[in-house]
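Secondary and tertiary structure notes
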There are 2 protein chains.
Amino acid sequence: MKEKGFADRIKLSSKSHSSRIVLALDIIAQKRYQLLDQALSMLNTVSQYIAAVKINYHLLLPLSLFTDIKKIINLSHDHGLQTIADLKLNDIASTNLIASNYLWDVGFDAIIANPLVGYEEGLEPVVKKAHEMNRGLILLAYMSHKSAREGYGLTILSEGLRQEKVYEFFIRRAMEWRVDGVIVGANDLDILSSIASKVKGLILVFSPGVGAQGGDPSKAIMAGADFLIVGRSILDSKDPLSIINGINRVTGLME
Amino acid sequence: MKEKGFADRIKLSSKSHSSRIVLALDIIAQKRYQLLDQALSMLNTVSQYIAAVKINYHLLLPLSLFTDIKKIINLSHDHGLQTIADLKLNDIASTNLIASNYLWDVGFDAIIANPLVGYEEGLEPVVKKAHEMNRGLILLAYMSHKSAREGYGLTILSEGLRQEKVYEFFIRRAMEWRVDGVIVGANDLDILSSIASKVKGLILVFSPGVGAQGGDPSKAIMAGADFLIVGRSILDSKDPLSIINGINRVTGLME
């Protein structure tokens, strides 16, 4: 029997934990040596109520990949959670391949990349290797911060002089490359729903920008997000579980 | 007296070592525990004949930042070399700031970022902090791989319906944000010379893509590159110094 891929695995963990939350584990500690313990402790507190964990430079830079980060990944897996490495990878093929191999080696289930870098001599070997190994690739389509508009929202003139937005071009790439997910900010609901309607049933939509960045969880789900990426509003709360439960209550389960 | 900024420091190390080479220290080892020793040993071999060292995921992921990478940076500084962290950073401001602070803490002199992410809530705090600390920011403008054309070479329609290429837009950003360097591949000499002529005397041009990727060192310098980023052709050689000396001979000194 073929092993389930990343998309199926995260849907399963979402169902079994009744949550669409991808926790952005962006821990900031007073002292660097506290980072690992705080990360593990937060995970133990919330693991039954989230679907996945996203790890970025907050932990990838100060912690050691093959000892500390591996502990976080193993604990996540023990709790039935998927793990996503968020480097917004956008290098040439040889570097992308080395980087992603280190991330797969340590157990990550999916990697986030920036499609601007392109396929040939860019992300191609990462997409292929990910799928060989039943791991996932998630592409940025439209980010959640203010100046996303100045980059992802640019108008480009394609061959045949057809006008389209950069995020529409990135979505075409995501479809052609058969990736597993796209990132679309929850702050611009028109763009979110336009993208979600195009990729529905084919590619999962991960939406950052709720909470600290102002997006509304239930509106993001209504607009078509499959998962919400939430960090600061959970991590900075004195009662992370109440924030999580509040989000889980209004977002409902995946179909 | 004001401390010299990154651009001045790398010009100085270039002059004193009679080299325009930024060594991409992309070490690949049979065993992970050999990485650090091989990196330090390569540095000791070539340090008198290069201007700077660029470190990317080849070392940043498997090695520990505050012990191993710090040793590489300290050895580089002992040899009078500048150090550049190449994450092609493109995250939201809060993450960019955390990531860059860790990189400055450990001693990096400059960071490479992707300008697609934009300024407000994007790279703004990194640019500002870099300059407060006399460190440098280098932006991608046109990469050296085949599909750079599909991303950096896209045509965009700016306000006022003026057409320009993505790399021209990125160069405008580099000028407005007053960054210290831009990355432009050595494989497309027309684009390289067009960009170099625009930023001459204001922003340093770093050019990857010579050697393993087919670009010609002397032609890249003739087209306006200030520095050449060279990795594999040096690292994979049985005689790295002969490759380096060959490049230094044909590229001459900075004015």
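Whatever comes next refers back to the structure up there.
In what follows, the accompanying structure is described. (Residues numbered from 1 in each chain as written. Chains lettered and ligands numbered in written order. Predicted model: local features only at pLDDT ≥ 70, side-chain atom pairs only at ≥ 80, totals over all residues. Heavy atoms only, no water.)

**Observations regarding the packing of aromatic side chains**
Counting across every chain of the model gives 16 aromatic pairs over all chains. The interplanar angle of 20° and the centroid separation of 6.4 Å between the aromatic rings of F6 of chain A and F206 of chain A together place this pair among those described as stacked. Taken together, the residues F6 of chain A in helix α1 (residues 6-17) and F206 of chain A in strand β9 (residues 204-208) connect sequence positions 200 residues apart. According to the relative accessible area criterion, F206 of chain A is buried, its value standing at 0%. Among the aromatic residues, those joined into a ring-pair cluster are Y142, Y152, Y167, F169 and F170 of chain A. Across from the ring centre of F66 of chain B, 3.4 Å away, lies the NZ or CZ of R32 of chain A, which sits over that ring. (Phe/Tyr/Trp six-rings, centres within 6.5 Å; stacked < 30°, edge-to-face > 60°. Helix = DSSP H or I, 4+ residues; strand = E, 2+ residues; numbered from the N terminus. Buried < 20%, exposed > 50% of the residue type's maximum accessible area, 1.4 Å probe, protein only. Lys NZ or Arg CZ within 6 Å of the ring centre and 35° of its normal.)

**With respect to the interface of chain A and chain B**
Interfaces are often described in size by the accessible area the parts lose on coming together. Contacts between the two partners involve 51 residues from chain A, matched on the other side by 51 residues from chain B. Roughly 4,600 Å² is buried in total at the junction of chain A and chain B, and carbon and sulfur atoms are behind 61% of that figure. Inspection of the chain A/chain B interface yields 6 salt bridges. Considered class by class, the residues forming the side of chain A that touches chain B number 25 nonpolar, 15 polar and 11 charged. By the bridge criterion, 3 bridges tie strand β6 (residues 155-157) of chain A to strand β6 (residues 155-157) of chain B in an arrangement that is antiparallel. Paired with I156 of chain A across the two strands is I156 of chain B, which belongs to β6 of chain B. (Contact = heavy atoms within 4.5 Å. Buried area = accessible area lost by both parts, 1.4 Å probe. Salt bridge = Lys/Arg side-chain N within 4 Å of Asp/Glu carboxyl O. Nonpolar A, V, L, I, M, F, W, Y, C, P; charged D, E, K, R; others polar. Pairing = 2+ DSSP bridges.)

**Some thoughts on the pattern of salt bridges**
This model, assessed by the stated rule, comprises 20 salt bridges over all chains. Where K88 of chain B meets D91 of chain A, a salt bridge forms, and the shortest distance between an N and an O atom there is 2.9 Å. Of this pair, K88 of chain B sits in strand β3 (residues 82-89) while D91 of chain A sits in the loop between β3 (82-89) and α5 (93-105), on two different chains. Across the pair, exposure class does not vary: K88 of chain B and D91 of chain A are buried alike. Of the charged contacts, one joins E120 of chain B and K146 of chain A as a salt bridge, the two residues approaching to 3.4 Å between their closest N and O atoms. Pair noted here: E120 of chain B is in helix α6 (residues 119-132) and K146 of chain A is in the loop between β5 (136-142) and α7 (148-151), and the two residues belong to different chains. Ionic contacts of the salt-bridge type, sharing partners, join the residues K54, D86 and K88 of chain A together with D91 of chain B into one network.

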